[in-house]
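Per-entry structural report
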Amino acid sequence: MFKEPHEINKQQHHTDKYYSPKLVVRRGQPFQIQIDFNRPYKPGTDKFWLEYLIGRYPQQNKGTYIPVLVGDELKPGDWGAKVTHKENNSIRLSIMSSATCIAGKFRLYVAVWTPFGILRTQRNSETDTYILFNPWCQQDSVFLDDEKEREEFVLNDVGVIFHGDINDIKLRSWSYGQFEENVLDACLFLMDKAELELSGRGNPIKICRVASAVINSRDDSGVIAGSWDNTYTYGVAPSAWTGSVDILLEYYSSKQPVRYGQCWVFAGVFNTFLRCLGIPARVITNYSSAHDNNANLQLDFFLDEEGKVDTKTTKDSVWNYHCWNEAWMSRPDLPVGFGGWQVVDGTPQETSDGMYRCGPASVQAIKHGHVCFQFDAPFVFAEVNSDIVYSRREKNGAQMIEKIDMTHVGKLIVTKEIGGDGMMDVTEEYKFQEGSDEERLALETAVMYGVKKQITQDTVYQPQTDVDMDFHVQKAILGSDFKVTITFKNKSQNRYSAATYLSGNIVFYTGVVKSEFKKHSVSVTLEPSSSSTFDVVIKSSEYLSELLDQASFHFFVTARINETGKILALQKATVLEIPTLHIKTQGEAVAGREMSVIVEFTNPLKQTLENVTLHLEGPSVLRTVKKIFRQIPANSTLTWEVKCTPKRPGLRKLIASLNCDALRHVYGELNVQIQKL
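Residues numbered from 1 in each chain as written. Predicted model: local features only at pLDDT ≥ 70, side-chain atom pairs only at ≥ 80, totals over all residues. Heavy atoms only, no water.

As annotated in an unreviewed UniProt entry, the protein chain carries the name protein-glutamine gamma-glutamyltransferase and is attributed to Dromaius novaehollandiae. You can read under Sequence similarities (unreviewed entry) in the UniProt record for the protein chain the words "Belongs to the transglutaminase superfamily. Transglutaminase family." According to the UniProt record, the Catalytic activity (unreviewed entry) comment for the protein chain reads "L-glutaminyl-[protein] + L-lysyl-[protein] = [protein]-L-lysyl-N(6)-5-L-glutamyl-[protein] + NH4(+)". (UniProt positions renumbered as here; feature names shortened; annotations may be inferred.)

Given below as structure tokens:
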């Protein structure tokens, strides 16, 4: 089978990294096998052929039984075989698979025509052949023409996922590990679990659609159970995972949803699944992502009479960030021009055709507002384009719109750059320049195609123009005090007084409030044509006991100008600086030799950390290891040494995470160059 990593097949097919003893090839590209007979082969009189079978009931018309005849030449993109070499009793064949072939694990038989009927070889699992998608093949629907992009989006087994918020972007490494032992089988199992018929498994559109449902556990007990309420009993906190391998392998063996995930975990695992099958994929982060419950392109924030947000009636929320995936493919089901990157999202937010799934939706269609094209384009369009509308009910029942914020949502959309760990801004691929004619046109197109845009007729909206308000939150390290600075600019000739209210809330990164930890009211006098500033101090004692795992705050400042009755409203999210882990190595880093990895962490809080879990992993350096420390006293340093033996040379990444109830999202990473023996 020439199935060793250094032999011709895996080298030519870019599958030499798969930790699999079997032959792994990509469709639409020739591979070599050798057949030994009991006597020399005579082409004129001897007749034999190959049979590739997949599934329980192989049928030729479904593409699950494939007879491959030996001919004189290979046609690109069609099944066929030709003899390339004859020696004694052996022949070597070059076999071409179809560029639309099912992706999966095939059984191989050799059939020989004899005077006594057809003889077949015995079932032999050693000759099983995995056939995957082929971004290197022009006839394949996932063809990608840039080698650097293929190396990044198909072959890179570690990545970077961006989180935090728009004013404080944070990043963390994620080990995709698509080549690790048993991961390929686990990914193929997901298609069985999703009950995708075998004949649909050559179609990346269908695969993405069913995978986006099976990645989450809602309605089909899929791979990961989501939890957004900060209680992770009987499971692993979402922030503790450092990669996809443990999650996929645990699911493959237990067949039960793995607890717990949030959006970046769903996206990380989905990315592994896609890259493992050979579909180019990347993880996208959308900052200030709208979760619009009724897809009307408008997030409604209702204020009460004081100008505070009414949490009972406000159902929409802005996520600090939301991660989804893009998969690269042609879209023969849509008009020309909508192929390329497609949004797929495994995080369970809303149902689509009765299941929690989302996509594939063409990024190009979203940019131009052509949201009529399947699947789920209106929802994704709303995630990056909604307006925030602040409105309040008057005593007489009339609804007053106080402010419309058209630029808050979908401010920045990013992914990891190609060939490095930096950030690449892809906002332009999703939307035109904010405020440009093209942008308004795309919005009108989306509305024409039935995305509801409702500024209700009976509402009165007169924007406040003569006073501007802004506020700034000081960058702060977890455990320290910081201040919020509010600035008013009175552009009129009148002297005003403003009743100002600051509300500080601890929020989930999904924008849902857990608790209000700071209330501050103050009356400010605004002199004509001048600016005035004042500070509100936030003490660490006010927020530490309430903190959630992403150390994320949401500040809401509202001000009522007493003389005119106008209300100013502004909201901003902010994230605390979280300490990091330090990783170092001891001894030589040589493939096949033992070395030590040391993880260090200093507790920055004024309290003892209890039941602290550390995770450490690095694809092809060490399998995930974890350790629990009962206590880390305030300001003391923890040191953990792990011995490991790297498997193969090259530049590798070690990723570590630390988790406990008081502190989550603590990460560290290190690039290690593993030398040859």
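Further notes follow.
What to know about the nonpolar core
Among the nonpolar cores identified, the biggest contains 68 residues, and Leu 184, Leu 190, Trp 264, Phe 273 and Leu 274 are the most heavily contacted of them. At eleven residues, the largest contribution of residues to this core is made by helix H6 (residues 263-277). In contact with Phe 273, not counting residues within four places along its chain, are Cys 187, Leu 190, Met 191, Ile 207 and Ala 211. Ranked by size, the runner-up nonpolar core spans 60 residues in total, among them Leu 547, Ile 578, Phe 601 and Ile 674. (Core = buried A, V, L, I, M, F, W, Y, C linked by side-chain atoms within 4.5 Å. Buried < 20%, exposed > 50% of the residue type's maximum accessible area, 1.4 Å probe, protein only. Helix = DSSP H or I, 4+ residues; strand = E, 2+ residues; numbered from the N terminus. Contact = heavy atoms within 4.5 Å.)

Some points on the sheet that holds strand E26 (residues 467-473)
Strand order in the open sheet formed by three strands is E26-E27-E30, with antiparallel pairing between adjacent strands. Unpaired on one side and paired on the other, E26 and strand E30 (530-538) mark the two borders of the sheet. Averaged over neighbouring strand pairs, the angle between their axes works out to 15 degrees when direction is ignored. One ladder, built from seven bridges, connects E26 with strand E27 (residues 482-490); its direction is antiparallel. (Pairing = 2+ DSSP bridges. Axes fitted to C-alpha atoms, helices over the stretch in contact; angles between N-to-C directions.)

A word on the packing of helix H3 (residues 183-193) against helix H5 (residues 245-254)
The N-to-C vectors of H3 and H5 enclose an angle of 55 degrees; their axes lie 9 Å apart at closest approach. Put simply, H3 runs oblique to H5. In the crossing of H3 with H5, the sense of the turn from one axis to the other is left-handed. Across the interface between the two elements, Val 183, Asp 185, Ala 186, Cys 187, Phe 189, Leu 190 and Lys 193 from H3 touch Val 245, Leu 248, Leu 249, Tyr 251 and Tyr 252 from H5. A class-by-class count of the residues in the contact of H3 with H5 yields ten nonpolar, no polar and two charged. (Parallel < 35°, antiparallel > 145°, perpendicular 65-115°, else oblique. Left-handed = near helix turned anticlockwise from the far one by under 90°. Nonpolar A, V, L, I, M, F, W, Y, C, P; charged D, E, K, R; others polar.)

Thoughts on the pairing of strand E10 (residues 158-165)
The element E10 is largely enclosed, with a buried count of eight among its eight residues. Burial along E10 is two-sided: Val 158, Val 160, Phe 162 and Gly 164 facing one way and Gly 159, Ile 161, His 163 and Asp 165 facing the other are all buried. Strand direction decides the pairing type here: E10 and strand E11 (residues 168-175), joined by eight bridges, are antiparallel. Paired with Phe 162 across the bridge in E11 is Leu 171. Linking two consecutive strands that pair antiparallel, namely E10 and E11, is a turn of two residues.

Comments concerning the packing of helix H4 (residues 204-214) against H6
Relative to each other, H4 and H6 sit at 150 degrees, their axes nearing to 11 Å. In terms of axis orientation, H4 runs roughly antiparallel to H6. In this structure, H4 crosses over H6, and the sense of that crossing is right-handed. Here Ile 207, Cys 208, Ala 211 and Ser 212 of H4 lie close against H6, whose contacting residues are Phe 270, Phe 273, Leu 274 and Leu 277.

A closer look at the UniProt feature "active site" (unreviewed entry) in the protein chain
UniProt tags Cys 263, His 322 and Asp 345 as "active site" (unreviewed entry). What stands out for the annotated residues spanning 83 residues is how close their C-alpha atoms remain, the widest pair being 9.9 Å apart. With respect to the secondary-structure elements, His 322 resides in strand E16 (residues 317-329). Ignoring sequence-local partners within four residues, the contact set of His 322 consists of Cys 263, Ile 284, Thr 285, Asn 286, Ser 289, Asp 345, Thr 347, Gln 349 and Glu 383. Separated by 2.8 Å, the side chains of His 322 and Asp 345 make a polar contact. (Polar contact = N/O pair within 3.5 Å; in protein donor to acceptor, adjacent residues only side chain to side chain.)

Re the packing of aromatic side chains
Counted according to the given criterion, the structure contains 27 aromatic pairs. Aromatic side chains Tyr 232 and Tyr 260 sit 6.0 Å apart centroid to centroid with 45 degrees between the ring planes, which places their arrangement in the tilted category. Residue Tyr 232 is found in the loop between strand E12 (224-226) and H5, and its partner Tyr 260 is found in strand E13 (residues 258-261); the two are separated by 28 residues along the sequence. A single burial state applies to Tyr 232 and to Tyr 260, both of which are buried. Ring geometry for Trp 328 and Trp 341: centres 5.2 Å apart, planes at 75 degrees, overall edge-to-face. Placement of Trp 328 in strand E16 and of Trp 341 in strand E17 (residues 340-345) is noted, with a sequence separation of 13 residues between them. Judged by relative accessible area, which is 10%, Trp 341 ranks as buried. A cation over a ring is seen here: Lys 47 above Trp 113, with NZ or CZ 5.9 Å from the ring centre. A cation sits over an aromatic face here: Lys 255 above Phe 189, 4.7 Å from the ring centre. (Phe/Tyr/Trp six-rings, centres within 6.5 Å; stacked < 30°, edge-to-face > 60°. Lys NZ or Arg CZ within 6 Å of the ring centre and 35° of its normal.)

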